[in-house]
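Architecture at a glance
Given next are the chains, with one letter for each unit.
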Amino acid sequence: TGERECAARFDEKPWLTDLERFKGQRPGRWVIGQADEPSATTAEASKEAVAFAVSEIMPLIAHDAGAGPGLDMAFAAERVSAALTSGRYVTDRFACRFERPYGNVYHEAILVDASPKNLKALAAEASALRKQAVRSRLGTAGSLAGLVASIVVIYLVANSLTKGYFAGVLRT
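Here we summarise the structure given alongside this text. This one's a predicted model, so the numbers in the text were calculated from it and none came from an experiment. (Residues numbered from 1 in each chain as written. Predicted model: local features only at pLDDT ≥ 70, side-chain atom pairs only at ≥ 80, totals over all residues. Heavy atoms only, no water.)

Comments concerning the overall build of the protein chain
Heads up, the rule is: A run of H or I in DSSP counts as a helix once it spans at least four residues, and a run of E counts as a strand once it spans at least two, with each numbered from the N terminus. Buried, partly exposed and exposed residues are distinguished by accessible area as a fraction of the type maximum, computed with a 1.4 Å probe on protein chains only: under 20%, between the cut-offs, and over 50%, respectively. Contacts: residue pairs with any heavy atoms within 4.5 Å of one another. The accessible surface values rely on the Shrake-Rupley method and a 1.4 Å probe; as for residues, cover is taken only from the protein chains in view.
Helix and strand content of the protein chain: five helices and four strands. When its helices and strands are written in sequence order, the protein chain yields β-α-α-β-α-α-β-β-α. Counting the 172 residues in the protein chain, one finds 28% classified as buried. The long-range share in the protein chain, meaning contacts at least 24 apart out of those at least 6 apart in sequence, stands at 65%. Accessible surface for the protein chain amounts to roughly 11,000 Å². Of this, 58% is attributable to carbon and sulfur atoms.

Brief notes about the packing of aromatic side chains
Counted only if it meets this: For Phe, Tyr and Trp, where Trp contributes only its six-membered ring, two rings pair if their centres lie within 6.5 Å, and the inter-plane angle classes them as stacked under 30 degrees, edge-to-face over 60, or tilted in between.
The final tally for this structure, using the stated rule, is one aromatic pair. Ring centres of phenylalanine 22 and tryptophan 30 lie 5.5 Å apart, and the angle between their planes is 70°; this geometry places the pair in the edge-to-face category. Take phenylalanine 22 and tryptophan 30: they sit in the same class, and that class is buried.

What about the side chain of histidine 107?
Just so we agree on the cut-off: In protein, a polar contact requires one atom able to donate a hydrogen and another able to accept it; more generally it is a pair of N or O atoms within 3.5 Å, and residues adjacent in sequence count only if both atoms are side-chain atoms.
Along the chain, histidine 107 turns up in strand E4 (residues 103-113). A polar side-chain atom of histidine 107 sits 3.1 Å from a polar atom in the side chain of glutamine 34. The residues touching histidine 107, leaving out its near neighbours within four places in the chain, are Gln34, Ala35, Ala45, Phe94, Ala95, Cys96 and Phe98.

Scope: geometric values only; no functional claims are made or implied.
Spelled out as structure tokens, the structure:
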């Protein structure tokens, strides 16, 4: 096997080596996000860790956070992913680089505070942003309809005012 270079030692990350013991020392709801396979880049490793955490968090949001029928779960998953990518609710991070004969590979794990308070905040944020997006689309559609109606009215008025002018030109 090759060399490995990690941002921290395993014994500095008790949540990574023994989650149950960690939960006993720090009560709360914790989710670990980490990829099953090594990644080609650090960015890919981070993205996969976040994606795994999102897949663990979404059922919790659906069950615990009072996600009603109005919550678009796909949109909520995008918002959770954005929040975790920006570091919100991520309590700790573990990154590691492994040197292999074929090149470096990377692994990352994140510890997410998935407390009911945080899940409700994520669900509320996703719901509010979704409603805002729908209102924005409706406003755009209304503006477009108003513009089309204005153009039609202007055309009809211009046509009635110039009907005699064009009729003579067309008959010759």
